[in-house]
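A structural walkthrough
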Amino acid sequence: MTNRFDTLFARLRDEDRPALVTYIMGGDPDFDTSVEIMAALPGAGADIIELGMPFSDPMADGPAIQAAGQRALSGGQTLARTLDMVRRFRRADTETPIVLMGYYNPIYIHGVDRFLADAGEAGLDGLIVVDLPPEMDGELCLPALDAGISFIRLATPTTDDRRLPTVLANTSGFVYYVSMTGITGSAIADTGAVGQAVSRIKAHTPLPVCVGFGVKTAEQARTIGRDADGVVVGTAIVQAIVNSLDDEERATPDTVAAVGTLVGGLAAGVRGARLEAAE
Amino acid sequence: MNTIAQPNSFRTGPDEQGMFGIFGGRFVAETLMPLILDLQEKWDAAKADPAFLAELDELGRHYTGRPSPLYFAERLTAHLGGARIYFKRDELNHTGSHKINNCLGQILLARRMGKTRIIAETGAGQHGVASATVCARFGFPCHIYMGATDIERQAPNVFRMKLLGAEVTPVTSGHGTLKDAMNEALRDWVTNVDSTYYIIGTAAGPHPYPEMVRDFQSVIGREAREQLMQAEGRLPDLLVAAVGGGSNAIGLFHPFLDEKDVAMVGVEAGGKGLDTDEHCASLTAGRPGVLHGNRTYLLQDGDGQIEEGHSISAGLDYPGIGPEHSWLKESGRVEYVPATDDEALEAFQLLSRIEGIIPALEPSHALAEVVKRAPKMGRDRIIVMNLCGRGDKDVFAVGKRLGFDL
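Thresholds, definitions, all that
- Residue indices follow the written sequence of each chain, beginning from 1 at its first position.
- Chains and ligands are labelled by the order in which they are written, letters from A for the one and numbers from 1 for the other.
- For this predicted model, a pLDDT threshold of at least 70 governs which residues receive local features, and a threshold of 80 or more governs which side-chain atom pairs are given and counted, while totals over whole chains, interfaces and linings are taken from all residues.
- Strands are runs of DSSP state E lasting at least 2 residues, helices are runs of H or I lasting at least 4, and numbering of each runs from the N terminus.
- Partly exposed residues are those whose C-beta has more than 12 but fewer than 20 other C-beta atoms within 10 Å; 20 or more makes a residue buried and 12 or fewer makes it exposed, with C-beta atoms placed from the backbone.
- Atoms counted for the radius of gyration: C-alpha only. Globule rule: 2.2 Å times residue count to the power 0.38.
- By the criterion used throughout, residues are in contact when their C-beta atoms, derived from the backbone, lie within 7 Å.
- One less than the number of residues in a helix, times 1.5 Å, gives the span that helix is expected to have.
- When we speak of the arc, we mean the arc of directions from the helix axis to the C-beta atoms.
- Delimitation of the domains relies on an automatic or database domain assignment.
- Residue polarity is assigned by list, with Asp, Glu, Lys and Arg as charged and Ala, Val, Leu, Ile, Met, Phe, Trp, Tyr, Cys and Pro as nonpolar; anything else, Gly included, falls into the polar class.
- Two strands are counted as paired when DSSP detects at least two bridges linking them.
- The axes are straight lines fitted to the C-alpha atoms, using for helices just the contacting stretch, and the angles between their N-to-C directions are given from 0 to 180°.
- Here the angle decides the label: under 35 degrees means roughly parallel, over 145 means roughly antiparallel, 65 to 115 means roughly perpendicular, and every other value means oblique.
- Each crossing is labelled by how the near helix is turned from the far one, with a counterclockwise turn of less than a right angle marking it left-handed and a clockwise turn marking it right-handed.
- Note on definitions: a nonpolar core is a set of buried residues drawn from Ala, Val, Leu, Ile, Met, Phe, Trp, Tyr and Cys, linked by C-beta atoms within 7 Å.
- pLDDT: the predictor's confidence for each residue, scored from 0 to 100.

Okay, the overall build of chain A next. A count of helical and extended segments in chain A gives 12 helices and nine strands. The buried share among the 279 residues of chain A stands at 55%.

Turning to the overall build of chain B, a few remarks are in order. Helices and strands together make up the secondary structure of chain B, namely 16 helices and 14 strands. Relative to the 2.2 N^0.38 estimate, which gives 22 Å for 406 residues, the radius of gyration of chain B is 19 Å and therefore close to what a compact globule would have. Counting only C-alpha atoms and orienting by the principal axes, one finds that chain B spans roughly 55 × 55 × 50 Å. Going through the 406 residues of chain B one by one, you find that 60% of them count as buried. Of the contacts formed within chain B by residues at least 6 apart in sequence, a portion of 74% connects residues at least 24 apart.

On to helix α2 (residues 31-44) of chain A, then. All names here are of chain A. Helix length check: α2, at 14 residues, gives a terminal C-alpha distance of 20 Å against a target of 20 Å (1.5 Å per residue), a fit within 8%. Within α2 the residues assigned to the buried category are Thr 33, Ser 34, Ile 37, Met 38, Leu 41 and Ala 44. Across the axial projection of α2, the buried residues extend over an arc of 140°, all falling on one side. Across α2 from its buried face, at more than 90 degrees, point the exposed residues Asp 32 and Gly 43.

Let us look at the domain arrangement of chain B. Residues and elements named next belong to chain B. Domain annotation of chain B identifies domain 1 (29-58 + 99-213) and domain 2 (65-97 + 218-401). Across the contact, 28 residues belong to domain 1 and 31 residues belong to domain 2. Of all the secondary structure elements, the ones that give two or more residues to the side of domain 1 that touches domain 2 are α4 (99-112), α5 (126-138), α6 (148-153), α7 (155-163), α8 (178-191) and α9 (209-217). Here the side of domain 1 that touches domain 2 is composed, by residue class, of 12 nonpolar, 12 polar and four charged.

The next subject is the sheet that holds strand β6 (residues 142-147) of chain B. Residues and elements named next belong to chain B. An order of β7-β6-β5-β8 is seen for the four strands of this open sheet, with the pairing classed as parallel. The open sheet has two free edges, formed respectively by β7 (167-171) and β8 (196-199), since each of these has just one partner strand. The sheet shows a mean angle of 25° between the axes of neighbouring strands, direction not considered. Bridge count for strand β5 (residues 117-122) against β8 is four bridges, and the pairing is parallel. Along β8, the bridge assignment pairs Ile 119 with Tyr 198.

Take the interface of chain A and chain B next. By a frequent convention, interface size equals the accessible area lost on bringing the separate parts together. With 34 residues of chain A at the interface, the matching set in chain B holds 27 residues. When residues of the side of chain A that touches chain B are assigned to their parent elements, the largest contribution, six residues, is made by helix α5 (residues 104-110) of chain A. Its residues placed into classes, the side of chain A that touches chain B shows 18 nonpolar, 10 polar and six charged.

Attention now moves to unusual backbone geometry. Cis geometry is found at the peptide bond from Gly13(B) to Pro14(B), where omega equals 0°. Position of Pro14(B) relative to the elements: it lies in the segment before β1 (19-20). We note that Asp16(A) has phi near 50°; this positive angle belongs to a residue other than glycine. Along the chain, the position of Asp16(A) falls in the loop between α1 (4-15) and β1 (19-25). With 12 C-beta atoms packed within 10 Å, Asp16(A) lands in the exposed category.

What follows covers the packing of helix α3 (residues 63-74) of chain A against helix α11 (residues 235-244) of chain A. Residues and elements named next belong to chain A. Where α3 meets α11, the axes come as close as 9 Å, and the angle between the chain directions of the two elements is 55°. With respect to their mutual orientation, α3 and α11 come out oblique. In the crossing of α3 with α11, the sense of the turn from one axis to the other is left-handed. Residues Ala 64, Ile 65 and Ala 68 of α3 touch α11, and the partners they reach there are Thr 235, Val 238 and Gln 239. Counted by class, the contact of α3 with α11 contains four nonpolar, two polar and no charged residues.

To continue, consider the nonpolar core. By size, the foremost hydrophobic cluster in this structure holds 216 residues, and its most contacted members are Tyr177(A), Cys210(A), Val231(A), Ile237(A), Ala241(B), Ile383(B) and Met385(B). Here this core gets eight residues from one element, more than from any other, and that element is helix α12 (residues 255-278) of chain A. Other than its neighbours up to four places away in sequence, Val231(A) contacts Pro18(A), Leu20(A), Val21(A), Cys210(A), Val211(A), Val215(A), Ala221(A), Ile224(A), Gly225(A) and Val270(A).

Now for the confidence of the model for chain B. When pLDDT is averaged across chain B, the result is 95; 99% of the residues are at 70 or more. Among the scores for the predicted complex, ipTM is 0.95 and pTM is 0.95.

Here's what the structure looks like:
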């Protein structure tokens with residue numbers, strides 16, 4: 001079955017450049033602004049959108065994304081409204097893959113079958129659920145694959161060669177390599193080690209490998225994009241939103257543009273990745 | 001209540017996936033999974049190793065002061081005029097609560113695994129103190145995460161931890177209570193996974209923690225059983241224990257679970273009452289969900305967002321519960337009821353006056369249930385209550401609440 005991921009990565013192979021994967025928190029800083037930001041991402045250069053599902057207890061996230069989730073929840077964001085954002089986006093854009101990223105409990109409470117039906121109808125492509133390792137695949141991963149929604153797994157520096165096949169077994173869409181042990185938004189330690197890790201994973205799977213956690217600048221995106229099939233940027237975008245807010249954490253006329261400017265720079269970074277490497 | 005098939009034994013869980021029925025499991029980030037699997041392997045080896053068990057037993061006797069007495073509360077029994085009341089006095093343990101039983105077990109395991117740094121979360125500070133204590137005893141650097149709100153209401157324990165050489169990090173995210181401290185400890189763990197062992201304080205978290213903590217705490221029930229056989233020549237009719245995360249309760253209950261004639265009741269923090277938003281009765285008022293590595297009963301809203309609990313006792317102020325308790329509730333083996341802040345405060349004062357024992361606020365909740373039940377039971381009946389912590393840490397908070405100028 002051809003899906004939006006396959007189509008995208010085939011095109012990027014022709015263009016010889018990595019994908020820019022952008023993360024925003026659904027409903028941050030408020031629902032309407034978040035819808036506008038999401039709609040503007042592809043035009044600014046994003047190839048894949050990761051849309052965060054806010055959760056009260058984001059155990060794998062650093063302070064920036066924790067705060068983004070709190071802003072979203074304070075504004076009344078729910079899983080149903082996050083799915084509604086996917087639905088609205090799809091009316092204007094039928095190509096950009098959308099991945100929902102978050103934690104399991106809101107999905108579990110929504111009901112797995114109902115969630116997958118709603119997500120499929122809304123036009124969702126993939127899921128990243130941080131607290132569902134392969135050992136818990138019966139919960140959501142296998143039903144999602146049956147429903148035609150990719151389950152994108154995180155591989156980490158602690159995922160050794162013995163464990164890698166387990167992690168890759170039911171993964172589809174792409175593999176998300178977490179560049180370090182830690183929470184979102186920490187500083188990336190060693191871009192050279194990232195290249196080696198990507199090669200190691202690619203020896204085990206034909207799937208594209210995207211790298212995230214700690215990528216903040218166009219320069220880092222360019223460096224990592226030499227080896228990776230995609231570069232994920234999250235905290236830096238969330239931070240750009242924060243920097244544009246007023247004193248009461250409300251959106252300003254600059255908010256959507258601020259994200260566009262940052263993403264534009266990052267997009268230029270990933271587009272330069274292979275050119276520079278070829279020099 | 002759901003009716004599920006009655007198992008032949010209530011003592012065989014969890015299964016290989018770490019499940020007690022639908023509860024438990026390993027809901028953690030991939031970064032932690034290899035470590036969790038390694039922990040399970042090392043734990044399986046340790047619990048079958050006579051040298052490990054002998055060292056734990058030796059430390060229990062000479063460091064903790066085990067066995068803790070089983071004390072017949074003669075005056076309280078006469079005062080309530082019903083069942084004979086015994087207290088399993090784990091409040092007399094070194095560090096003042098049952099928490100040390102678990103910490104000693106886990107620090108020995110951390111040493112076996114070659115870890116060099118310990119982290120822990122704490123609510124009331126009892127687990128933090130116990131963790132800091134075993135780290136001092138075994139020479140490990142110790143890092144404690146504690147909610148900023150709890151730091152304020154449990155100042156004496158914060159000082160104790162620092163005195164013992166631990167670093168205490170205030171957690172301001174969320175409401176600054178136990179659940180937020182646990183989130184922060186998990187963030188530390190995922191960052192420092194190679195060097196760090198996480199001593200979880202209650203019988204919750206990803207498998208194998210619920211099983212492991214239960215097994216370390218089951219010394220309470222094993223001793224109580226033997227001691228009561230000596231004192232009365234028979235098993236108790238009723239066991240009562242407070243449940244926050246549920247480690248002291250599962251420690252008392254587990255060795256008796258297959259004794260059909262022994263009834264058990266776990267007492268949750270009813271806060272200002274279950275008709276208000278300010279309580280922490282996950283089993284009575286919550287529903288199953290996934291948090292902190294396991295599926296269990298949780299206080300949450302209709303969107304699956306976790307709610308803050310409230311209790312006068314910082315140690316019960318957790319919106320979840322160990323997964324085995326969720327299973328014991330659904331199977332009908334154990335009954336769970338709430339006790340309010342006011343009922344616990346009254347029980348706290350009653351025991352102080354009538355037996356000369358100042359209990360912690362956590363077991364004061366259990367005592368409130370004993371006060372309700374004992375008079376309705378015959379004088380030939382026997383209740384064993386887990387007096388799992390002493391009240392020294394609580395006298396300032398209780399004094400303030402009762403209008404005493406300290």
